[in-house]
Amino acid sequence: MLNKLRLSFDIGGTFTDFVLQDPATGQTRFWKTLSTPSAPEKAVVRGVIDLLAAEKVAPERIDMLLHATTVATNAILERKGSKTALITTQGFRDVLLLGRQKRYATYNMHMAKPEPLIRRRDIFEISERVYLKEREAQAPAEAEVDGLLDRIAAAGYESIAVCLLHSYANPTHERLIAARADAKGLKVALSLSSDVSPRYREYERTSTAVANAYVKPIVARYVSRLQTALKEQGIHSDLYIMQSNGGLVSPDLASDVPVRIVESGPAAGVLMCKAVGAEEGIKDLLTFDMGGTTAKLGAIDNGEPAILPTFEVDQVQYTKGSGLPLNISAIELLEIGAGGGSIARAELGGIRIGPESAGSEPGPVCYGNGGTRPTVTDANLVLGYLNPGTFNGGNMTLDLAGARAAVKTHVADPLGLSVEEAAWGIHLMATANMERALRIVSVERGRDPRNYALVGFGGAGPVHAARLARSLSIPKLILPRGAGVGSAVGLLAADPKVDHALTRLVPIAPGALATIVALRDELRARAVADLTRLSASGAQNHRLSVTARYAGQGYEISVDVPDPDQPEDRFLDAFRAAFGTAYRRTYGYHDDARPIEAVDWTFHAALPIGAGLTASQPTGDGDSRIGTRRAWFGTGEGTEIAIHDRYRMAPGIPVHGPCVIEEAETTIVLLPGDVAELSATGNLIVTVGAAA
């Protein structure tokens, strides 16, 4: 009997990547196809048909589908979501527009505030109030609710976000609005803040609920089209979708709370880096994922990705506080508009890269699909880094003459440079943009890059990774097997995972344990109910965490909660010790005498099913040199460099830069002085500047 297979796919702005894996043997096949942004499922179907045909695999053998997508992200970034209304408490109509008083650029008199997803005319008030104590709650009148819902329906809104002032503490009034909408049979998508984000701080909660409502109809339609298209190809297996926190959920859960999948693809890539680091025995990693449209940078500390309790999308100059806040758990990442398809142009006597991208339609000039403006990929082709005849495993032939003409017309001639000098400038500027972002992820967040290894992946990442590592004095570079489809590979290492959070201010003092146990049980019941909606089964991993602070402080740090099923005195001592360790790690000290209070509680539930990464790929005899090519490294007329085939490399036989190492899904560029060697697990380990 033939083994069942797993198929993972990641839809990017330029390419859609696939990995077909046999979990029993770990053997895999990688595949890439151009994305179809107007209908992402079309690229998926095309890629699935081509991949299964190439491998002579029947659709019935696919046992599990794993998917990462940018549908929700793109809808928010491009402001192309559904027509959305917001219902809020009377007197608080402008919370979403005012945001926070804090300025992300203190001395910038022309600072632009984050632009909300909806306008003021889309925000409606209702008479209701929940009080902390002493005063009875004021429930909204049923007639007022019905009238408001009728107005919203008549105005043609597709989706409604409901965010009442204190619904994180008492969701009754939001539930009433939902019940009336259901009774009236309204055909609109409804998002209650008490379901999406039952946490205090009304601006962040409102922003999260509105973002969820804004993308909910779009994601639901996309998921439905995708499932239908796959079934038409004879694939009826379960589909799992990646969340921003690195966990998988079912399509119905992703459609119910689509805000959780905003950073779907990039999160999968970081999981791949974590697994590769474990294989190589390296716990501290910086991650660099460069695709055709964007570059994503992240970090793994002591073997684990940093998980943030909140996330900002569409930041200005990567500055905290400048984007739209979302109360979702997300892997720490920084995303910039610098990919292989980023468009280059002459501006103010210099070269500017992106953030506009050629995407896949029409794509870079060298793709021959109608692109006319030069991109980073065109520049890399001109510099001799890419092979026109073997790009994407030979499935595409690149137009070198077209790339040279575009670079000459739009960059070289306006700046008085040769074509090679202009291409070199494009390459350096793209790398400089990513270097700045990597400094933010590392140096500005307390990480010394000299103590980390850099993992480079994505279709364009390995072309720039060696230069990026050298610019930050990173001593070691890891280029994983399957680097060109890294996020799709990372999906194979993911597990179904959900987390539920709520705000309850609890002083960590005698008498607190009963409240904490009740909170744990409430959150656990929600998380377990979500996991039971998945087809997978098995033993679950549970964890309770909380954000805590000294009493009176305004911001918190995350702490794992000790087991509450123990005597209270031991629990309190263990909690204070855990908080002290976390606080000291962040701020350098801890005051044992100060009282502590816990604020936001989160229950994490996971179902371990991940099959892990691919098995070690077959290696050659070490005679990997397959020819030479003239490449440009910034001086003279170029250098004749060796071209190596990664699949012919063998462990223990080093390759010295400058050279190019070719593989089907990406191309690796080594600089003079770099030495690369294949590890026993098939990853390429580069010692940066080893020869020097």
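Predicted model only: the values in this text are computed from it and were never measured.

**Q** Can you walk me through the sheet that holds strand E7 (residues 159-163) in this structure?
**A** Consider a sheet: its strands pair through backbone hydrogen bonds, and that pairing is either parallel or antiparallel. Taken together, the four strands give an open sheet; going across it, the order is E6-E5-E7-E8, and neighbouring strands pair in parallel fashion. Sheet topology places strand E6 (123-126) and strand E8 (189-192) at the edges, where each strand pairs with a single neighbour. In this sheet, adjacent strand axes meet at a mean angle of 20° when their direction is disregarded. Sheet topology places E7 next to E8; four bridges connect them, and they run parallel. Residue pairing in the sheet places Ala161 in a bridge with Ser191 of E8. Against the sheet, helix H7 (residues 202-232) contacts strand E5 (84-89), E7 and E8, and its axis sits at roughly 165° relative to E7.

**Q** Is there a simple way to explain the pattern of salt bridges in this structure?
**A** Should their charged atoms come close, side chains of opposite charge can pair. With the rule as written, the count across this model stands at 41 salt bridges. Between Arg345 and Glu347 there is a salt bridge, with its nearest N and O atoms 3.4 Å apart. The exposure class of Arg345 is partly exposed, given its relative accessible area of 27%. Here Asp573 ties to Arg576 by a salt bridge, and the two come within 3.7 Å at their closest N and O atoms. Taken together, the residues Asp573 and Arg576, both in helix H16 (residues 568-587) and three residues apart, mark about one turn of the helix. On the accessibility criterion, Arg576 (30% relative accessible area) is partly exposed. It is possible to trace a salt-bridge network through shared partners that takes in Arg201, Arg549, Glu556 and Glu597.

**Q** How should I be thinking about unusual backbone geometry in this particular structure?
**A** Phi is mostly negative for residues that are not glycine, and the peptide bonds are mostly trans. Here the bond from Gly354 into Pro355 is cis, since omega is 0°, no more than 30 degrees from zero. Along the chain, Gly657 connects to Pro658 via a cis peptide bond; the corresponding omega equals 5°. Inspection of the secondary structure assignment puts Pro658 in the loop between strand E29 (655-656) and strand E30 (659-662). Within the chain, Lys56 stands out as a residue other than glycine whose phi angle is a positive 55°. Along the chain, Lys56 falls in the loop between helix H1 (40-55) and strand E4 (62-68).

Cut-offs and rules
- Residues numbered from 1 in each chain as written.
- Predicted model: local features only at pLDDT ≥ 70, side-chain atom pairs only at ≥ 80, totals over all residues.
- Heavy atoms only, no water.
- Pairing = 2+ DSSP bridges.
- Helix = DSSP H or I, 4+ residues; strand = E, 2+ residues; numbered from the N terminus.
- Axes fitted to C-alpha atoms, helices over the stretch in contact; angles between N-to-C directions.
- Contact = heavy atoms within 4.5 Å.
- Salt bridge = Lys/Arg side-chain N within 4 Å of Asp/Glu carboxyl O.
- Buried < 20%, exposed > 50% of the residue type's maximum accessible area, 1.4 Å probe, protein only.

What is shown is where atoms sit, not what they do.
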